[in-house]
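Summary of structural features
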Amino acid sequence: MKRIKLYSGFERFWHWTQAVLILFLAFTGFEIHGSYTFFGFREAVRYHNIAAYLLIALTVFAIFWHFTTGEWRQYVPTLRNIRAQLEFYVFGIFRNAPHPTQKTALNKLNPLQRITYFGLKVFLFPLLVASGLLYVFYRYPSRYGIEAINIESLRFIALAHTLGAFLMVAFLIVHLYMISTGETALSNLRAMITGYEEVEQSTTTSTLEGQQT
Ligand code: HEM
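This section reports on the structure supplied with the text. (Residues numbered from 1 in each chain as written. Predicted model: local features only at pLDDT ≥ 70, side-chain atom pairs only at ≥ 80, totals over all residues. Heavy atoms only, no water.)

Scanning the entire structure with this criterion turns up five salt bridges. Notably, a salt bridge pairs lysine 108 with glutamate 71, separated by 2.8 Å at the nearest N-O pair. Linking lysine 108 in the loop between helix H3 (82-90) and helix H4 (111-139) with glutamate 71 in the loop between helix H2 (41-69) and H3, this pair joins segments that are 37 residues apart in sequence. Assigned by exposure class, lysine 108 and glutamate 71 land together as buried. Two residues, glutamate 87 and arginine 83, come together in a salt bridge whose shortest N-O distance is 3.2 Å. Taken as a pair, glutamate 87 and arginine 83 lie in helix H3 at a separation of four residues, close to a single helical turn. (Salt bridge = Lys/Arg side-chain N within 4 Å of Asp/Glu carboxyl O. Helix = DSSP H or I, 4+ residues; strand = E, 2+ residues; numbered from the N terminus. Buried < 20%, exposed > 50% of the residue type's maximum accessible area, 1.4 Å probe, protein only.)

What follows covers the nonpolar core. Across soluble globular proteins, nonpolar side chains show a tendency to be buried alongside one another. Ranked by internal contacts, the top residues of the largest apolar core, which has 17 residues, are Leu55, Tyr117 and Met168. Secondary structure elements with two or more residues in this core: helix H1 (9-33), H2, H4 and helix H6 (155-179). When residues of this core are assigned to their parent elements, the largest contribution, five residues, is made by H4. Listed in part, the six residues of the second largest apolar core include Leu6, Tyr7, Ala191 and Met192. (Core = buried A, V, L, I, M, F, W, Y, C linked by side-chain atoms within 4.5 Å.)

What follows covers the environment of glycine 29. Take glycine 29: it is sitting in helix H1. Taking the C-alpha atoms as reference points, glycine 29 and alanine 44, 15 residues apart in sequence, are found 7.4 Å from one another.

Turning to the packing of H1 against H6, a few remarks are in order. Their axes nearest at 11 Å, the elements H1 and H6 cross at an angle of 130 degrees. In terms of orientation, H1 lies oblique with respect to H6. Classified by chirality, the crossing of H6 by H1 is left-handed. Contacts between H1 and H6 involve His15, Ile22, Leu23, Ala26, Phe30 and His33 from the former and Thr162, Ala165, Phe166, Met168, Val169, Leu172 and His175 from the latter. (Axes fitted to C-alpha atoms, helices over the stretch in contact; angles between N-to-C directions. Parallel < 35°, antiparallel > 145°, perpendicular 65-115°, else oblique. Left-handed = near helix turned anticlockwise from the far one by under 90°. Contact = heavy atoms within 4.5 Å.)

Attention shifts here to the coordination of the iron atom of the ligand. The iron atom of the ligand binds to the protein through His48 (NE2) and His161 (NE2), with metal-donor distances spanning 2.0 Å. One can describe the site at the iron atom of the ligand as octahedral: its six donor atoms subtend angles covering 87 to 179 degrees at the metal. Within this pair, whereas histidine 48 is found in helix H2, its partner histidine 161 is found in helix H6, the two being separated by 113 residues in sequence. For the pair formed by histidine 48 and histidine 161, the shared burial category is buried. (Donors = N, O, S within 2.8 Å, 3.2 Å for Na, K, Ca; no water. Tetrahedral: all angles 85-135°; square planar, octahedral: opposite > 155°, others 65-115°.)

Right, let's talk about the packing of aromatic side chains for a bit. This structure, assessed with the given rule, holds 15 aromatic pairs. On the basis of an interplanar angle of 50 degrees and a centroid distance of 6.3 Å, the ring pair of phenylalanine 24 and tyrosine 47 is categorised as tilted. Here phenylalanine 24, found in helix H1, pairs with tyrosine 47, found in helix H2; they are 23 residues apart in sequence, far enough to count as distant. Residue tyrosine 47 is classed as partly exposed on the basis of its relative accessible area of 26%. Geometrically, the ring pair formed by tyrosine 75 and tyrosine 117 is edge-to-face, given 6.4 Å between the ring centres and 75 degrees between the ring planes. Of the two residues, tyrosine 75 sits in the loop between H2 and H3 while tyrosine 117 sits in helix H4, which places them 42 residues apart along the sequence. (Phe/Tyr/Trp six-rings, centres within 6.5 Å; stacked < 30°, edge-to-face > 60°.)

The subject of this paragraph is the packing of H1 against helix H7 (residues 187-194). With their axes 8 Å apart at the nearest point, H1 and H7 run at an angle of 115 degrees to one another. Classified by the angle between their axes, H1 and H7 sit roughly perpendicular to one another. Note on element contacts: H7 touches H1 through Leu189, Ala191, Met192, Ile193 and Thr194, opposite Arg12, His15 and Trp16.

This part is about the environment of asparagine 110. Looking at the element boundaries, asparagine 110 is found in the loop between H3 and H4. It is 9.0 Å that separates the C-alpha atoms of asparagine 110 and threonine 78, two residues lying 32 residues apart in sequence. For asparagine 110, the residues in contact, after removing those within four places along its chain, are Gln85, Tyr89 and Thr101. At 3.0 Å, the side chain of asparagine 110 and the side chain of tyrosine 89 are in polar contact. Within polar-contact distance, the side chain of asparagine 110 engages the backbone nitrogen of leucine 112 at 2.9 Å. (Polar contact = N/O pair within 3.5 Å; in protein donor to acceptor, adjacent residues only side chain to side chain.)

Given below as structure tokens:
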């Protein structure tokens, strides 16, 4: 076994800050939706807007980081090894089978994670941010002078945003379970906190593509 660096300081900062902001957005968002009362509607809207702008600012930095470091390549979807990965999650994991995709600094994500995170970045995130911003500017058009958007009704924006919110919550539930499916129950979590993970020696030299053990 060898200890390798998987996550840089910025990556960990971005991950945990994003996690806190998204959980807070979900919490305040579902209060706005009417699911419960905690802050009160008015304050929930205020906090939701503040967290939304913080998340957008963080995302701008994260996009810059992904492109300047080349880390965006980690999220390019691949079908290679996908069947083995699927079989691992359905059967192998319950039989203590080895992980079909080995983690390296250049290949942190297995093929199912690649597809999931790609969808998250290319579909779900833009859906939530775009519908959220339309929501903001629909509600306060005169204050910010954005009449040009001229949206007929909130209906589709609200539907799109709420659908995005439910999908995000579904992702979070699966994500929390997935955290426990590393080499040990805590190894994935520890790696995202410390930046380091213990992996088999042979994996440290492999390339971007997933490798079969
Ligand atoms: C970062 C971009 C986001 C922006 C700009 C944004 C903005 C907004 C705005 C303006 C509202 C309406 C508030 C009002 O009625 O005055 C809203 C509602 C809501 N937001 Fe967000 N939001 C964002 C992200 C999120 C995320 C990440 C989630 C959940 C994970 C979420 C969940 C919700 C929910 C559930 C509602 C209530 C929808 C309804 O019942 O119509 N939002 N959001």
